[in-house]
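Summary of the model geometry
Read off the chains here:
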Amino acid sequence: MVFEWNKGLSVGLETVDSQHKELMMRADELLKAMNEKSGVQEVRSILIYLEVYVKDHFEAEEKLMEGTEYPFLEEHRQIHQNFTRELSNIKKEFLKNPNSTIIQLQVQHSVCEWINNHIMKEDKLYADYIHTKK
Ligand SMILES: [Fe+2]
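First, a word on scope: everything that follows refers to the structure included in this document.

1. Concerning the overall build of the protein chain
Scanning the protein chain from terminus to terminus reveals four helices and zero strands. Listed by position from the N terminus, the elements making up the protein chain come as α-α-α-α. Here the protein chain has a C-alpha radius of gyration of 15 Å; the compact-globule value for 134 residues is 14 Å, and the two agree. Here the contacts in the protein chain between residues at least 6 apart in sequence split such that 73% fall between residues at least 24 apart. If you sum the accessible surface of the protein chain, you get close to 7,800 Å²; carbon and sulfur atoms cover 53% of it.

Put into structure tokens, the structure is as follows:
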């Protein structure tokens, strides 16, 4: 497994943590399918699943932030939009050129970025804020 959730990634909000776990599991599945050249259809369906799941997850996070009047909601929303765009570009590039190893590296890079910069920093920030509101 390349990507696996661990306690150090917990933001202390059960729903968010469980969505992050699912996302990581699917990202790992995606990378595996790409590595093993499992076929365009399989990779494509994981990418489609991820797109829908990411959208729902981001919406859930944004609702939490809205509900607590998080002051950096707009900045966070912007980061979500960028990531959504990145994912859709990955899908497009993969479908154009399914055998490219560059896409695999891009997936790896994007997910690492999302874990290290997004969950570890941005998500923990809003989660800490929500904890202070409880
Ligand atoms: Fe987020």
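2. Considerations on the coordination of the iron ion
All of the protein donors around the iron ion are E61 (OE), H76 (NE2), H80 (NE2), H118 (NE2) and D123 (OD); their distances to the metal are 2.0 to 2.4 Å. Here the donor residues of the iron ion share one chain and are spaced in sequence as E-x14-H-x3-H-x37-H-x4-D. In this pair, H80 is assigned in helix α3 (residues 73-96) and H118 in helix α4 (residues 101-133), connecting sequence segments 38 residues apart. H80 gets classed as buried once you look at its relative accessible area, which sits at 2%. Residue classification places H118 among the buried positions, given a relative accessible area of 5%.

3. A closer look at the environment of A127
If you trace the backbone, A127 turns up in helix α4. With 63 residues separating them along the chain, A127 and L64 place their C-alpha atoms 9.1 Å apart. Excluding residues that lie within four positions of it along the chain, A127 makes contacts with V11 and L13.

4. Some words on the environment of K63
Along the chain, K63 falls in helix α2 (residues 40-67). Assessed through its relative accessible area of 59%, K63 is described here as exposed. Remark: the alpha-carbon pair of K63 and E22, spanning 41 residues in sequence, is separated by 19 Å.

Cut-off values and rules
Residues numbered from 1 in each chain as written. Predicted model: local features only at pLDDT ≥ 70, side-chain atom pairs only at ≥ 80, totals over all residues. Heavy atoms only, no water. Helix = DSSP H or I, 4+ residues; strand = E, 2+ residues; numbered from the N terminus. Rg over C-alpha atoms; globule rule 2.2 N^0.38 Å. Contact = heavy atoms within 4.5 Å. Areas by Shrake-Rupley, 256 points an atom, 1.4 Å probe, with all protein chains shown as cover. Donors = N, O, S within 2.8 Å, 3.2 Å for Na, K, Ca; no water. Buried < 20%, exposed > 50% of the residue type's maximum accessible area, 1.4 Å probe, protein only.

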